[in-house]
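Here's the letter readout for the chains.
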Amino acid sequence: MASFDTVKGVLFDLDGTLIDSAPDLGAAADKMRTDRGLSALPLELYRPMAGAGARGMLGVAFGIGPEHAEFPALREEFFRNYERCMTQRTLVFDGVAQLIASLVERDIPWGVVTNKAMRFTAPLTKGMPLFASARAVVGGDSTPYAKPHPAPLLEAARQLKVQPIQCVYVGDDVRDVQAGRAAGMGTVAATYGYLGSTNVREWGADTHIETPLALLPLLNFRRVA
């Protein structure tokens, strides 16, 4: 496994990396089914698609994609449902709280870079104690471009007041790795979230971790100035 020298900042994707939001995302989509008299679906069907947001949830719930004529209206209905329930069932992955506490203890600034719009990212992060110490929260519409473009990561590094080359980005999607590499950051693929059998080795990340706490040994804090 790779290790990272002179680490002065750590950035994370949100859904599937720090938090398990699949229960609330699935509930928002499933309510649309039951409101229409359709049977409820088990969370296990929604979970693998949680990283794809509305597209993934509506694909499971109704078998449609963005090309469908009704997709925009259904997506907005899904968004409204999700806004009402986004912190009811969402949990922090095991080990994440300890990981963040270790970063804070070492005075390593950390932050979040997600493609989730700030319409959802802001209230979600403000509503969960984990994020009180985050020094950067960048959503999918915080910059003109979303991941895999590097712009959101560069903005987060600016907020951390850390050079991109001294940052590590951790995420559970190939777009996270692409964005991190484009920004000149170290990249870590997180395999403990929604990935299932995905072969993360094909993404080109510097390394991967199977638990959140596995990140700590990779960060060479002793060489931080």
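Scoring rules and cut-offs
- Residues numbered from 1 in each chain as written.
- Predicted model: local features only at pLDDT ≥ 70, side-chain atom pairs only at ≥ 80, totals over all residues.
- Heavy atoms only, no water.
- 1 Å grid on protein atoms, 1.4 Å probe; cavity = no way out; pocket = protein on both sides within 12 Å on 5 of 7 lines; lining within 4 Å.
- Points joined across faces, edges and corners; volume = space filled by probe spheres on them.
- Helix = DSSP H or I, 4+ residues; strand = E, 2+ residues; numbered from the N terminus.
- Nonpolar A, V, L, I, M, F, W, Y, C, P; charged D, E, K, R; others polar.
- Pairing = 2+ DSSP bridges.
- Axes fitted to C-alpha atoms, helices over the stretch in contact; angles between N-to-C directions.
- Buried < 20%, exposed > 50% of the residue type's maximum accessible area, 1.4 Å probe, protein only.
- Right-handed = clockwise from strand over helix to strand, strands pointing away.
- Polar contact = N/O pair within 3.5 Å; in protein donor to acceptor, adjacent residues only side chain to side chain.
- Contact = heavy atoms within 4.5 Å.

**Q** Even after reading the chapter, I still don't get the layout of surface pockets, so can you show me in this structure?
**A** A probe matching the size of a water molecule, rolled over the atoms, marks out where space remains unfilled. Space inside the largest pocket adds up to approximately 910 Å³. Residue lining of the largest pocket: 35 residues in total, with Ala50, Gly51, Ala52, Gly53 and Arg175 positioned closest to the centre. Residue assignment for the lining of the largest pocket shows that the elements contributing at least two residues are α3 (53-62), α4 (71-85) and α8 (174-182). Ranked by residues supplied to the lining of the largest pocket, first place goes to α4 with 5 residues. Here the residues of the lining of the largest pocket are counted per class, giving 18 nonpolar, 6 polar and 11 charged.

**Q** Teacher, can you tell me more about the sheet that holds strand β5 (residues 136-138) here?
**A** Spatially, 6 strands are ordered β5-β4-β1-β6-β7-β8 in an open sheet, and the strand pairing comes out parallel. Sheet topology places β5 and β8 (207-209) at the edges, where each strand pairs with a single neighbour. Strand-to-strand twist in this sheet, taken as the mean axis angle between neighbours without regard to direction, amounts to 20°. Relative to β8, strand β7 (residues 186-190) runs parallel, the two being bridged by 3 bridges. Note on β8: the bridge partner recorded for alanine 189 is histidine 208.

**Q** What am I meant to see in the pairing of strand β6 (residues 167-171) here?
**A** Regular strands show a simple pattern: their side chains alternate between the two faces of the sheet. Burial analysis of β6 places 5 of its 5 residues in the buried class, which makes it a mostly covered element. Of the two faces of β6, the one lined by Cys167, Tyr169 and Gly171 and the one lined by Val168 and Val170 are each fully buried. Where strand β1 (residues 9-12) meets β6, 4 bridges bridge the pair, whose relative direction is parallel. Within β6, the residue paired with phenylalanine 12 across the bridge is valine 170. When β6 meets β7, the two strands line up parallel, connected through 4 bridges. By the bridge assignment, tyrosine 169 is partnered in β7 with threonine 187. Crossover handedness for the path β6 to α8 to β7: right-handed.

**Q** Please clarify how the side chain of aspartate 13 should be interpreted in this entry.
**A** With respect to the helices, strands and loops of the structure, aspartate 13 is situated in the loop between β1 and β2 (19-20). Given the relative accessible area of 7%, aspartate 13 is considered buried. Side-chain polar atoms of aspartate 13 contact the side chain of lysine 147, separated by 3.0 Å. Excluding residues that lie within four positions of it along the chain, aspartate 13 makes contacts with Leu18, Val113, Thr114, Lys147, Tyr169, Val170, Gly171, Asp172 and Asp176.

**Q** So what exactly am I meant to see when it comes to the environment of leucine 124 here?
**A** Here leucine 124 is to be found in helix α6 (residues 118-126). Between the alpha carbons of leucine 124 and leucine 216 there is a distance of 25 Å; along the sequence they are 92 residues apart. Other than its neighbours up to four places away in sequence, leucine 124 contacts Leu14, Ile19, Tyr82, Met86, Thr87 and Lys116.

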